[in-house]
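Structural features, examined
One letter stands for each residue in the lines below.
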Amino acid sequence: MGKKFKAAVIGVGFIGAGSHVPAYQTDERCELVAVADVKPGAAEYVAKNYGVEKFYEDPQQMLEECRPDVVSICVPNQYHKQWSIAALEAGANVLCEKPISVTLADAKEIYAAAERAGRIFMPVQNDRMGARTVLRDMIREGALGDVYFGECENIRRRGIPNWGSFHIKKDNFGGPFCDVGVHFIDSILFMLGNPEFQSVSGNTWSKIAPYETDRPNLGTVSKSRNFIPRPYSSSEFTVEDHSAGTLRLGEDILINFKFSWALNSPPFDGIRLNGTKGGLVFNKYAENPYVLYSSRGETMTDTILNMNVHHKFEHIQNPGIYLIVEHFIDVLEGKAEPIVTKEEALNVVTIIQAFYRSAELKREVTAGEIESL
């Protein structure tokens, strides 16, 4: 084996400590040399828990002293640009948690910094790693014909993240659209071949989360021993708890979406895509999660798809993070091309910015409006 990649993680909350840190430690091509977090005691706690030699409360000091080859950026959304550019300028290749930014201008600045530094920057759109790659290939091969309509939803009856600053606008900018919606929007663009974003009309609401202090959340996440959770208070809630709207993509594709942390409705987690030859439905909570609706002659057919995509991380929580870290190291070794391209990433960020602008202005917002800002 050749020289190992020196890896580091900036931001050791739930996803940084629980997935990125062990993912680098699992890959024998990497040596996790340091972790950093501005929260007092957080980096030290995680470093001791995972046996990492160095820890810092100043990520810039870590970058200058350790000179890592690859850095995962796992801080809240509003700080992705700052630390991505800092890591790139320090000579690191960067794997940044989603969304990479909430404005197109900031995303372009990050990619410009990567080009100046001669380094690779890639978003952590880990839902691409697995079944959705297979579905993309099915669609490419014509299983649905021409796709013209779709829907995607991630509805939690009560599932408000209560271990970090997801709920605080100055740190995270947005709520469920930024948290889970970005994965679904990216997945649809990925499966459909990245159709050009045309416009979005949407809205946000904060009707439940700011007013419930004693409510069920996301299981035992806040009790994890992998990191130090931030105390949660509903009085700090300044983002949306529900988002919904309609996207126009390509020449004639319309996508309806709903993403919620708190809604008085049954939970749903899935995607529906409809084309001229067939329709595909994915519902995580269904007995048969993947079904292809089509016809043979005059007979309607429902085909249950066995999408048990097997890999060495399938029994690990958040296996997609392990898979995308492995893929990123493959990219650095020249064995693969980045699964997320610059054009795809900018498409997603444009949609994010346009959606929140639409919610603010209460009207449809076009891609051209965002590009002109």
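Residues numbered from 1 in each chain as written. Predicted model: local features only at pLDDT ≥ 70, side-chain atom pairs only at ≥ 80, totals over all residues. Heavy atoms only, no water.

**A few points about the overall build of the protein chain**
Helix and strand content of the protein chain: 11 helices and 15 strands. Taken over the C-alpha trace, the protein chain has a radius of gyration of 20 Å; the compact-globule value for 373 residues is 21 Å, and the two agree within 12%. Projecting the C-alpha coordinates of the protein chain onto the three principal axes gives extents of approximately 65 × 50 × 45 Å. Counting only residues that meet the buried cut, the protein chain has 55% of its 373 residues in that class. Long-range contacts, defined as pairs at least 24 residues apart, comprise 73% of the intrachain contacts of the protein chain with a sequence gap of at least 6. Computing the positive centroid from 39 side-chain charges and the negative centroid from 48, the protein chain places the two 3 Å apart. (Helix = DSSP H or I, 4+ residues; strand = E, 2+ residues; numbered from the N terminus. Rg over C-alpha atoms; globule rule 2.2 N^0.38 Å. Buried < 20%, exposed > 50% of the residue type's maximum accessible area, 1.4 Å probe, protein only. Contact = heavy atoms within 4.5 Å. Lys, Arg positive; Asp, Glu negative; His and termini not counted. Charge placed at Lys NZ, Arg CZ, Asp CG, Glu CD.)

**A few points about the sheet that holds strand 10 (residues 253-260)**
In spatial order, the strands read 14-13-12-11-7-10-9-8-15; together these nine strands make up an open sheet with mixed pairing. Each edge of the sheet is formed by a strand with only one pairing partner; in this case those strands are strand 14 (299-304) and strand 15 (365-366). Where strand 11 (residues 268-275) and strand 12 (residues 279-283) come together, five bridges link them in antiparallel fashion. Counterpart to Gly270 in the pairing with strand 12 is Asn283. Packing of helix 6 (residues 131-140) onto the sheet brings it into contact with strand 7 (147-155), strand 11, strand 12 and strand 13 (290-296), and relative to strand 13 it is tilted by some 15°. Against the sheet, helix 10 (residues 342-361) engages strand 8 (197-205), strand 9 (242-249), strand 10 and strand 15, with an angle of about 50° to strand 8. (Pairing = 2+ DSSP bridges. Axes fitted to C-alpha atoms, helices over the stretch in contact; angles between N-to-C directions.)

**Describing the layout of surface pockets**
In this model, the second largest pocket occupies a volume close to 350 Å³. Secondary-structure elements contributing two or more residues to the lining of the second largest pocket are strand 8 and helix 10. It is helix 10 that contributes the most residues to the lining of the second largest pocket, five residues altogether. Broken down by class, the residue content of the lining of the second largest pocket amounts to six nonpolar, seven polar and five charged. (1 Å grid on protein atoms, 1.4 Å probe; cavity = no way out; pocket = protein on both sides within 12 Å on 5 of 7 lines; lining within 4 Å. Points joined across faces, edges and corners; volume = space filled by probe spheres on them. Nonpolar A, V, L, I, M, F, W, Y, C, P; charged D, E, K, R; others polar.)

**Some words on the pairing of strand 5 (residues 93-97)**
The buried count for strand 5 comes to five of five residues, which makes it a mostly enclosed element. Side chains of strand 5 alternate between two faces, with Asn93, Leu95 and Glu97 and Val94 and Cys96 buried alike. Alignment of strand 4 (residues 70-73) against strand 5, held across four bridges, turns out to be parallel. The partner of Val70 across the bridge, within strand 5, is Asn93. Note on the crossover from strand 4 through helix 4 (residues 80-89) to strand 5: the handedness is right-handed. Of the pairings in the sheet, the one linking strand 5 to strand 6 (residues 121-124) comprises four bridges and is parallel in character. Pairing of Cys96 across the sheet is with Pro123, part of strand 6. A crossover connection joins strand 5 to the parallel strand 6 through helix 5 (residues 104-117); in handedness this β-α-β unit is right-handed. (Right-handed = clockwise from strand over helix to strand, strands pointing away.)

**A closer look at the pattern of salt bridges**
Per the counting criterion, the structure on display carries 23 salt bridges. Two residues, Asp137 and Arg136, come together in a salt bridge whose shortest N-O distance is 3.1 Å. Asp137 sits in the partly exposed class, given a relative accessible area of 28%. Residue class for Arg136 comes out buried when judged on its relative accessible area of 15%. In this structure, Glu153 engages Lys258 in a salt bridge whose closest nitrogen and oxygen atoms are separated by 3.8 Å. A residue pair is termed long-range when its members are at least 10 positions apart, and Glu153 in strand 7 and Lys258 in strand 10 qualify at 105 residues. By relative accessible area, which is 11% here, Glu153 ends up buried. On the basis of relative accessible area, Lys258 is assigned to the partly exposed category, the value being 35%. (Salt bridge = Lys/Arg side-chain N within 4 Å of Asp/Glu carboxyl O.)

**So, empty space enclosed by the protein**
Considering all chains together, one arrives at two cavities of 30 Å³ or more under this definition. Looking at the largest cavity, its volume works out to about 50 Å³. If you go around the largest cavity, the residues you meet are Pro99, Ile100, Pro123, Gln125, Val182, Asp186, Val340, Ala345, Val348, Val349 and Ile352. Looking at the lining of the largest cavity, the elements with two or more residues in it are helix 8 (176-191) and helix 10. The element best represented in the lining of the largest cavity is helix 10, accounting for four residues. Residue classes in the lining of the largest cavity are distributed as nine nonpolar, one polar and one charged. Computed from the structure, the second largest cavity encloses a volume of approximately 30 Å³.

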